[in-house]
Amino acid sequence: QVQLVESGGGLVQAGGALRLSCAASGRTFSSYAMGWFRQAPGQEGEFVAAISWSGGNTYYEDSVKGRFTISRDNAKNTVYLQMNSLNPEDTAVYYCAASGLEVPGAVPGLYDYWGQGTQVTVST
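One structure accompanies this document, and this report is about it. Just so you know, these numbers come straight off a predicted model, no measurement behind them. (Residues numbered from 1 in each chain as written. Predicted model: local features only at pLDDT ≥ 70, side-chain atom pairs only at ≥ 80, totals over all residues. Heavy atoms only, no water.)

Take the state of the cysteines next. This structure, assessed with the given rule, holds one disulfide. Disulfide pairing places Cys-22 opposite Cys-96 at an S-S distance of 1.9 Å. Around the S-S axis, the bridge from Cys-22 to Cys-96 shows a dihedral of about 45 degrees and counts as right-handed. Of the two residues, Cys-22 sits in strand β3 (residues 18–24) while Cys-96 sits in strand β9 (residues 92–99), which places them 74 residues apart along the sequence. According to the relative accessible area criterion, Cys-96 is buried, its value standing at 0%. (Disulfide = S-S within 2.5 Å. Helix = DSSP H or I, 4+ residues; strand = E, 2+ residues; numbered from the N terminus. Buried < 20%, exposed > 50% of the residue type's maximum accessible area, 1.4 Å probe, protein only.)

Here it is, written out as structure tokens:
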């Protein structure tokens, strides 16, 4: 069992930056690939980024490439999402998720555990 708690969301102006954190419970964090997803009001959820067990492989949705960076610190049981050059289209609730697969990628159904989400709002 893995419990995930996101933090770091908030209100930021367009062009600004935020860093989301996702703290995981349990001693097997390094055995899970981790992902970030987001859901804007009235829209379906979408994949944002994912990182492999070791952190050696990362994957991004096209619209965030070059602006967002996913990373992890297995010693701290934490995964991060550094978000730069934010724009209003990035406004959403952001969720982190954990998967027992090596490369779950962008498929939500391949993730086993989900956090409660943290709100990110980007103003114009």
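Okay, back to it.
Mapped onto the fold, Thr-78 is located in strand β8 (residues 78–83). Polar contacts involving the side chain of Thr-78 include one to the main-chain carbonyl oxygen of Lys-76, which spans 2.8 Å. Residues within four places of Thr-78 in sequence aside, it is in contact with Ser-21, Cys-22, Ala-23, Phe-29, Arg-72 and Asp-73. (Polar contact = N/O pair within 3.5 Å; in protein donor to acceptor, adjacent residues only side chain to side chain. Contact = heavy atoms within 4.5 Å.)

This paragraph deals with the packing of aromatic side chains. For the structure shown, the criterion picks out five aromatic pairs. Measuring from centroid to centroid gives 5.1 Å for Phe-37 and Tyr-111, while their planes differ by 85 degrees, and the two rings are edge-to-face. With Phe-37 in strand β4 (residues 33–39) and Tyr-111 in the loop between β9 and β10 (113–114), the pair connects residues that are 74 residues apart, well separated along the chain. For the pair formed by Phe-37 and Tyr-111, the shared burial category is buried. An aromatic cluster is built from Phe-37, Phe-47, Tyr-111 and Trp-114, whose rings are joined through pairwise contacts. (Phe/Tyr/Trp six-rings, centres within 6.5 Å; stacked < 30°, edge-to-face > 60°.)

Taken together, Leu-101, Val-107 and Leu-110 make up a surface patch of nonpolar side chains, about 220 Å² in accessible area. Assignment of secondary structure puts Leu-110 in the loop between β9 and β10. With relative accessibility at 34%, the residue Leu-110 sits in the partly exposed group. (Patch = residues over 30% accessible without salt bridge, like charges linked within 9 Å, V, L, I, M, F, W, Y side chains within 5 Å. Areas by Shrake-Rupley, 256 points an atom, 1.4 Å probe, with all protein chains shown as cover. Salt bridge = Lys/Arg side-chain N within 4 Å of Asp/Glu carboxyl O.)

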